[in-house]
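Each chain, letter by letter, is given below.
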Amino acid sequence: MRNFKNWLVVVMLISTSVIFAQTKLTGKIVDETNQPLPGAAVVLQGTQSGASSDFDGNFTFETTSTNGTILVSFVGYQTKSLSFNGNKDFGTIALAPSAESLDEIIITATSFAIDRKTPVAVSTVKAEMIEMKLGTQEFPEILKSTPGVYATKSGGGYGDSRINLRGFSSENVAVMINGIPVNDMENGAVYWSNWAGLSDVTSAMQVQRGLGASKVAVPSIGGTINIISKSTDAEKGGNVKMGVGNDGYSKYSMTLSTGLMDNGLAITASAAKISGDGYVNGTQFSGANYFLNIAKQFNESHKLSFTVIGAIQTHGQRYNTRTIAQNRATEQGGKRFNPDWGYRNGQIENISYNFYHKPQMSLTHDWTISDKTYITSNIYASFGNGGGRRTDGSGKFTNNDYRLGGADQPIDFDRIVQENKDNGALGSTDVFASSRNSHEWYGLLSTLKTDLSENLILSAGIDTRYYLGKHWYEIADLLGGEYYLNPKSNDNNYNEALKVGDKFNRDYTGDVLKLGAFSQLEYTVNELNVFLSTAISNTQYSKSSFLDDSKNPNGRDSEKANFLGYSAKTGANYNLDDENNIFANVGYFSKAPFLNGNVFVNKESVDINENAKNEKVFSAELGYGYRSENFSANVNIYRTSWLDKSISPPIQNPDNVGEYLDVSITGLDAIHQGVEFDFRYNASDNLTITGMLSLGDWTWNSDVSGDVYRDSGELLRTITVDAKGLKVNDAAQTTYALGLNYKALEKSSIFLDYNYAGDLYAKFDFSLGTTDRLDTWELPSYHLVDLGFNHGFDIGGLDATLSGKMNNIFDVEYISDAFDDGDQHLASGAKVYYGAGRTFSLGLKINF
C-alpha cells in the first residue's frame, strides 16, 4: 500500500510538471543589413500571446504550447513564420523589407521607400533610436546626423526648431504624419510645437531626400519626412515614462495598447505632460500631448482606423536678436541671453510668447478588393487656434531705460504698467497684442493600387484639400491703461480707442482649395525596378480683408486666383548582385506659389500680384548602395534647379524694432547640387560605427527685384537683389558626423555622436536688397559631441530601461543662426542666435 502511494505521488508530480511545463523560445531579429530590430513583435499564431525584441533585437518567449508557429513582424518588413517543437533557439531571424506590409498599417499615399528597390536617397530612423537619442532635443534635431540635414533650435523656445534639407527650408520639405500633409497650406511652414507628442508614438520615421517617393498631387522640392505612428502593429501592453533634465525639464507620459484582439479591434492611447524653464532665459514652457488610435479589422477585406493627435502648449520665445559683441557683454555670455522677457509683479513676463492647439483627426479605410487590388482612403481634418504675443506702442519694451539695470537685464514691466496707469484718460502708450491665427483644414487622400500583371503595378489616386485660415491682431493686455488709441492709419478703426479683444492692424481670411490627381506605374523584372509617375493639381486662392482699407469699412473680397501645377518623375534601381545596387531618378514639376506675400501683393491686400507665377523645379540624382553582413554604405550625387522661386519672409524692420515687414519677390532662381555619403559598420558583436558626409554647393542663379511693405500693407520701397552667383544661406552646406554605439552588457549600451557644420552663411535680409555681389557673412564652423547610455533591467518582473543623454558635452559656444547686416557682411554687424550649451536628461521607461 505504501509503494502504491509513493507511485501515486510520483505520477502526480510528473503530471503536474507536464501540465505546467513552459516551452522557451529565443532568438535575435535583424533587418536586411544585419542590424537589430528593437520592438519587433513575436506572436504565437492563433493567440494574443507574445513578446517583443529588446534594443539589441533579442527576445525570449515562454509558452505552455509544446509546438506551434510564431509570427515575427516589424513595421515595413515581411512577416516571417517559424515553427517549433519544444524549446528552440531560432538564432538570427532576418526580416526582408516589404512595401506590402507597410500598406497594411500606413496610407499608401505615404509610400515608404524600400531599400534596394525604390530609386531615391533615403534614411530611416526606428522608434527605439528616436527614444534613445531624443532627450531634451526637438524632434527635428534627431535627424542632424542624416546627410543633407541642418537642424537647429532657432531662437531656443520650445517647439521653435527648424530643419533644412539639401538647403531647402521646411516650407519646401513635405512633412507627413501617417500620410497626411502637415505643412501650412498658406505658407508651407511646419510648427513642431504642434506635434510634440510624436516621439512617444512613432513606429518609424523616414527622410527621403530629393524627389522622394510620395504619391501626392503636390510634390516637395527638398525632400519628404514621413512619420508613421503606431496602429494595429502596437503590441498589447503599455509603458510609463518619466524624464527630467536641465533647467527644470520634466516629462511624464503613459502609453496603453490592447494589441490586435480576437475581435479585430486594436486601441492605442498615449498622453504626456511636459514643462520646464527652458535653456534660454525667459523660455519657460508647458504642454500636454495626446494620441489615440482605434483600428478595427472587420475581415480580410476591410479595415478602419481612426487617429487623433495633438498638443496643447504655451512657451516663451526669444525673437529679437543681438550682435556677437552685445551677446558677449551679457552676464551669461550670450548662450542663454534673451532680451524678450522681464518681471511683472514678481513673475516672469514675455514680449515674445506662443500659444497654440492644433488637433488632427483622420479616418482611414483599407479595402482589399482582391489579391491584386486594394484601395486606401483617408479623410482628415485639423482645427487650429492660438497665436503669438506682439507689442505695440512707443517702443518702451526695447528701450534699455526700461530694464532692471543695464541692456542685458530683464524688462521692467511694472514701470510700464505704472506709467500707463498714470496716463489715466490719455490711455496706454505701450500694450500687448496677440497675432491670432485659427484654421479649419479638411482633406481626402484616396489611392488605388492594382497588379496589372506579374511585373507591372499601377497606383492612382486623388488628393484634395480645403483650408480656411483666419488671421487678426487684437489687444491682449492694456498693461494698466484705460484704452489704446489705434495708430494704424490704414485701418478702418484708425484713431479709435481700443479695449482688450478689439481688432486692429490686420483682420483677414485666406481660402485655399487644392484638387489633384496622381498616378504611377511600377515595373519589376528580376533585379530591375522602374517607376514612372505623374500628377496634376489646381490650387485656388482667395482672400477677404476687413481692416486694411479705411475707405472700405465693410472690407473687401479678392478675386479667385488659380494656379495649375503638374509633375513628372521617373527612376530605376538595379541590383547588380546581393551586395551592390545602383539607382537614378529625374523629375520636373511646376507648383503653385504660396498665398502669403506671393499670390497677393502683401498680407493685408486682396489685390492679386500680377507677377505671381508657378515655381519650377528640375532635379536629377544618381546613387549607389552596398550591403553586406557587417557593412553598408550609400553614395548619392544630386542636382536641383529651382526656377521662379518666390520669397516672402516676414522680417523685422531694422529702423523700427517691433515692426514687421512683408517682402514680395518672385522669379528668383537657384541651383542646389552636392554629394552625400553615409555608412554603417558592425566592427564587432558589441561595437557599431556610423557616419556620414554631405558636401553641398548651393547658389542663387538670377537677379530680381521686389517690393517691401509695412505691416499695415503700405508700400515702403522697391528693392533690387543682385543674387546671381551668391551662396544660398541659412543652412550648413558642409556637414559630417560619426557615431559609436557600444554594447557594454546584455541590455546596456553607450553611444557617442560627433557632428560638424560648416559653410554656413548668415540669412540675408531681402528687405534691404543687395547690389554688391558679396556673400553674406560666413559663420564659424562648429563641432558638437553628444554622449548617452541605455541600461535595461527588471523591476518586479517588468522590463525597464534607464537612459541618459548629454548634448554638447564640451559646452561649445557656437552660433547656429545668424542674420546678415545687409551692408558690409561682417561678423560685427550680424545679429545672431547662439546654440544651446551643455544640456542633459535622464529618463526611466517601464513596460508592462
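Everything discussed here concerns the structure shown above.
## Comments concerning the overall build of the protein chain
Here is step 1: Counting its secondary structure elements, the protein chain contains seven helices and 49 strands.
Here is step 2: Over its C-alpha atoms the protein chain spans a radius of gyration of 29 Å, differing by no more than 12% from the 29 Å that the globule rule assigns to 848 residues.
Here is step 3: Burial analysis of the protein chain (848 residues in total) assigns 57% to the buried set.
Here is step 4: Put simply, 68% of the contacts in the protein chain that link residues at least 6 apart link residues at least 24 apart.
Here is step 5: With the model as given, the accessible surface of the protein chain reaches about 34200 Å², and the carbon-plus-sulfur share is 54%.
Here is step 6: Side chains of the protein chain carry 71 positive and 96 negative charges; the gap between the two charge centres is 4 Å.

## Details of the packing of aromatic side chains
Aromatic rings considered in pairs are described by the distance between their centres and by the relative angle of their planes.
Here is step 1: Throughout the structure, instances matching the rule amount to 22 aromatic pairs.
Here is step 2: Taking 5.8 Å as the distance between ring centres and 65° as the angle between the ring planes, the aromatic pair formed by Phe-413 and Phe-432 counts as edge-to-face. Here Phe-413 is found in helix 6 (residues 413-423), whereas its partner Phe-432 is found in strand 27 (residues 430-451), with 19 residues between them in sequence.
Here is step 3: Note on Tyr-541 and Phe-563: the rings are 6.1 Å apart at their centroids and 65° apart in plane angle, and the pair reads as edge-to-face. Residue Tyr-541 is found in strand 32 (residues 528-545), and its partner Phe-563 is found in strand 34 (residues 561-575); the two are separated by 22 residues along the sequence.
Here is step 4: Of the aromatic side chains, those joined through ring pairs into one cluster are Tyr-626, Phe-631, Phe-677, Phe-679 and Tyr-681.
Here is step 5: Seen from the ring of Phe-298, Lys-296 lies directly overhead, with NZ or CZ sitting 5.8 Å from the centre.
Here is step 6: Here the basic side chain of Arg-415 rests over the ring of Tyr-402, its NZ or CZ set 4.0 Å away from the ring centre.

## Describing the sheet that holds strand 2 (residues 41-44)
Here is step 1: The four strands lie next to each other as 3-2-5-6, forming an open sheet whose pairing is antiparallel. Two strands lie at the open edges of the sheet, namely strand 3 (50-52) and strand 6 (80-85), each paired on one side alone. Each adjacent strand pair in this sheet contributes to an overall mean axis angle of 20°, direction not counted.

## Re a nonpolar patch on the surface
Here is step 1: Together, Tyr-574, Leu-576, Ile-582, Leu-622, Tyr-624, Val-635, Ile-637, Val-675, Phe-677, Leu-693 and Leu-695 make up an exposed nonpolar region whose accessible area comes to about 880 Å².
Here is step 2: Counting only elements with at least two residues in the nonpolar patch, the list comes to strand 36 (615-627), strand 37 (631-647), strand 39 (660-682) and strand 40 (687-700).
Here is step 3: As for its placement among the helices and strands, Phe-677 is situated in strand 39.

## Let's talk about a negative patch on the surface
Here is step 1: Judged by side-chain charge, Glu-527, Asp-577, Asp-578 and Glu-579 come together as a negatively charged surface patch.
Here is step 2: Within the fold, Asp-577 resides in the loop between strand 34 and strand 35 (580-591).

## Let's talk about the nonpolar core
Here is step 1: Ile-665, Trp-700, Val-721, Phe-766, Trp-777, Ile-815 and Val-832 are the most contacted members of the largest nonpolar core, which totals 41 residues.
Here is step 2: Broken down by secondary-structure element, the contributors of at least two residues to this core are strand 37, strand 39, strand 40, strand 41 (703-709), strand 42 (715-722), strand 45 (782-795), strand 47 (815-819) and strand 48 (831-834).
Here is step 3: Element by element, the count of residues in this core is highest for strand 39, at five residues.
Here is step 4: If near-sequence neighbours (up to four positions away) are discounted, Trp-700 is found in contact with Lys-645, Leu-668, Asp-669, Ala-670, Ala-723, Lys-724, Gly-725, Leu-726, Lys-727, Val-728, Asn-729 and Phe-766.
Here is step 5: Grouped together as the second largest cluster of nonpolar side chains are 25 residues, Ile-130, Ile-163, Met-205 and Val-207 included.

## A look at the pairing of strand 11 (residues 173-177)
Here is step 1: Most of strand 11 sits inside the fold, with five of its five residues counted as buried.
Here is step 2: Here strand 11 shows two buried faces, one formed by Val-173, Val-175 and Ile-177 and the other by Ala-174 and Met-176.
Here is step 3: One ladder, built from two bridges, connects strand 11 with strand 12 (residues 180-181); its direction is antiparallel. Within the sheet, the bridge partner assigned to Ile-177 lies in strand 12 and is Ile-180.
Here is step 4: Hairpin connection of strand 11 to strand 12: two residues between the antiparallel strands, including Asn-178 at a positive phi of 55°.

## What to know about the side chain of Asp-507
Here is step 1: With respect to the helices and strands, the residue Asp-507 is situated in strand 31 (residues 503-525).
Here is step 2: A relative accessible area of 12% places Asp-507 in the buried class.
Here is step 3: Look past the residues within four positions of Asp-507 in its chain and what remains in contact with it is His-471, Trp-472, Ser-544, Ser-545, Phe-546 and Leu-547.

Reading the values: rules and limits
Residues numbered from 1 in each chain as written. Predicted model: local features only at pLDDT ≥ 70, side-chain atom pairs only at ≥ 80, totals over all residues. Heavy atoms only, no water. Helix = DSSP H or I, 4+ residues; strand = E, 2+ residues; numbered from the N terminus. Rg over C-alpha atoms; globule rule 2.2 N^0.38 Å. Buried < 20%, exposed > 50% of the residue type's maximum accessible area, 1.4 Å probe, protein only. Contact = heavy atoms within 4.5 Å. Areas by Shrake-Rupley, 256 points an atom, 1.4 Å probe, with all protein chains shown as cover. Lys, Arg positive; Asp, Glu negative; His and termini not counted. Charge placed at Lys NZ, Arg CZ, Asp CG, Glu CD. Phe/Tyr/Trp six-rings, centres within 6.5 Å; stacked < 30°, edge-to-face > 60°. Lys NZ or Arg CZ within 6 Å of the ring centre and 35° of its normal. Pairing = 2+ DSSP bridges. Axes fitted to C-alpha atoms, helices over the stretch in contact; angles between N-to-C directions. Patch = residues over 30% accessible without salt bridge, like charges linked within 9 Å, V, L, I, M, F, W, Y side chains within 5 Å. Salt bridge = Lys/Arg side-chain N within 4 Å of Asp/Glu carboxyl O. Core = buried A, V, L, I, M, F, W, Y, C linked by side-chain atoms within 4.5 Å.

Taken by themselves, the reported measurements are silent on function.
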